[in-house]
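Chains, contacts and geometry: an overview
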Amino acid sequence: MKAIAITGQGGLDKVQYMDVERPQIAPREVLIEARAVALNHLDIFVRNNLDSLKLATPHVAGADGAGVVAEVGAEVSRVQVGDRVLINPGLHCGVCEFCQAGEQSLCVRFGIMGETRPGTFAEYFTVPQENVHPVPEGFSWEEAAAFPLVFLTAWRMLISKAAIKPGEEILILGIGGGVATAVLQLVKAIGLRAFVTSSNDEKLQQAQKLGADAVINYKTQDFAREIRTLTNRRGVDVVVDSVGGDSYAKSLASLVKGGRLVTCGATAGPRPQTDLARIFWNQLSVFGSTMGNLREFAEMLNFVRTRGVKPVIDQVFPLAEGATAFARMEEGKQFGKIVLKVGNGA
Ligand SMILES: [Zn+2]
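Here goes a summary of the coordinates provided.

Calculation rules
Residues numbered from 1 in each chain as written. Predicted model: local features only at pLDDT ≥ 70, side-chain atom pairs only at ≥ 80, totals over all residues. Heavy atoms only, no water. Donors = N, O, S within 2.8 Å, 3.2 Å for Na, K, Ca; no water. Tetrahedral: all angles 85-135°; square planar, octahedral: opposite > 155°, others 65-115°. Buried < 20%, exposed > 50% of the residue type's maximum accessible area, 1.4 Å probe, protein only. Pairing = 2+ DSSP bridges. Helix = DSSP H or I, 4+ residues; strand = E, 2+ residues; numbered from the N terminus. Patch = residues over 30% accessible without salt bridge, like charges linked within 9 Å, V, L, I, M, F, W, Y side chains within 5 Å. Areas by Shrake-Rupley, 256 points an atom, 1.4 Å probe, with all protein chains shown as cover. Salt bridge = Lys/Arg side-chain N within 4 Å of Asp/Glu carboxyl O.

Time to look at the coordination of the zinc ion. Binding of the zinc ion to the protein goes through Cys-93 (SG), Cys-96 (SG), Cys-99 (SG) and Cys-107 (SG), at separations of 2.3 to 2.4 Å. Around the zinc ion, the 4 donor atoms sit at angles spanning 101 to 117 degrees, and that spread fits a shape best called tetrahedral. Mapped onto the polypeptide sequence, the residues donating to the zinc ion form the spacing pattern C-x2-C-x2-C-x7-C. Judged by its relative accessible area of 23%, Cys-93 is partly exposed.

The pairing of strand 12 (residues 193-198) with strand 13 (residues 214-217) spans 4 bridges and is classified as parallel. Within strand 13, the residue paired with Phe-195 across the bridge is Ala-214.

A few words now on a nonpolar patch on the surface. The grouping of Leu-276, Phe-280 and Trp-281 at the surface amounts to a nonpolar patch, some 440 Å² of accessible area in total. With respect to the secondary-structure elements, Phe-280 resides in helix 10 (residues 276-281).

Here we have 3 strands laid out as an open sheet, ordered 2-1-4, and antiparallel in their pairing. In this open sheet, the two strands that pair with only one neighbour each are strand 2 (15-19) and strand 4 (59-60). The pairing of strand 1 (residues 2-6) with strand 4 spans 2 bridges and is antiparallel. By the bridge assignment, Ile-6 is partnered in strand 4 with His-59.

All right, on to unusual backbone geometry then. Of note, the amide linkage connecting Thr-57 to Pro-58 takes the cis form, showing an omega dihedral of -5 degrees. Of note in the backbone geometry, Asn-232 takes a positive phi value of approximately 55 degrees without being a glycine. On the basis of relative accessibility, which here comes to 70%, the residue Asn-232 falls in the exposed class. Its identity is not glycine, yet Arg-233 carries a phi of approximately 75 degrees, on the positive side.

Shown next as structure tokens:
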């Protein structure tokens, strides 16, 4: 079968459209004939860290995907051949103390599709049966493939970690990225005020169309100072920072006393300068967050389904042009999700 596979650690030349063997299913697994799959920053991380992840090459990339069930293992009861499904990309052991407590994304053997097992960027991929969910009515294949990872990440950060409340104001850094855009969509669907930053005015305009209440170009403006102006010197209740790097101290400086910062990524660098005095004196909380547990996935899916919140699709490429899609993500050109269409996508 055709796949987008990573042939070794390195740059874009290691992303290749090639023939690989069609995977076999275990008794509790499902084989899915892919219709659409979506890119995440994780895919670049995997390519850059292939050696330390100890993955065999060629390695099929990809965390997100949707398609039709083509085959089920002998012990599968959850779905049938022909079902239209999307997947929860998180993988867990099911037996460790964290899994038993219902916190699957804290699992001691937690992994993600395309990171710890072959991924979705292929004509066929396999997943454990508990990872499979029906595609919500009215969702295209591209939409079904695009939202699970980023909306799950956004859901855990906002609902479980920051525990957002009516009337609060949220600052979202680096709008245009998949997670940041999902956070904005959820915040607006829930009905709170959202401020966003970017260095790109076009992305800021697109964020306004999604309902951002104020936009800040961090290249030309000091965003912490702007936030003070926008909030009558108070500061925002919550900052969602998936950027890190030089922005981090300013994120802390944007918070109200007792405010909360949630981080799920560090695309600008994982070891930023911080400000401990501000953290203890203003009694700030800093939450780390990764993906989500099974309950959060179900809650998020239900919210998306009943509220009709659909992911923003940046661009759709055929599977064969996977390397071009990787390049677009790496250059940070996208607003929303980059999707690969598999087969005729019908
Ligand atoms: Zn576990």
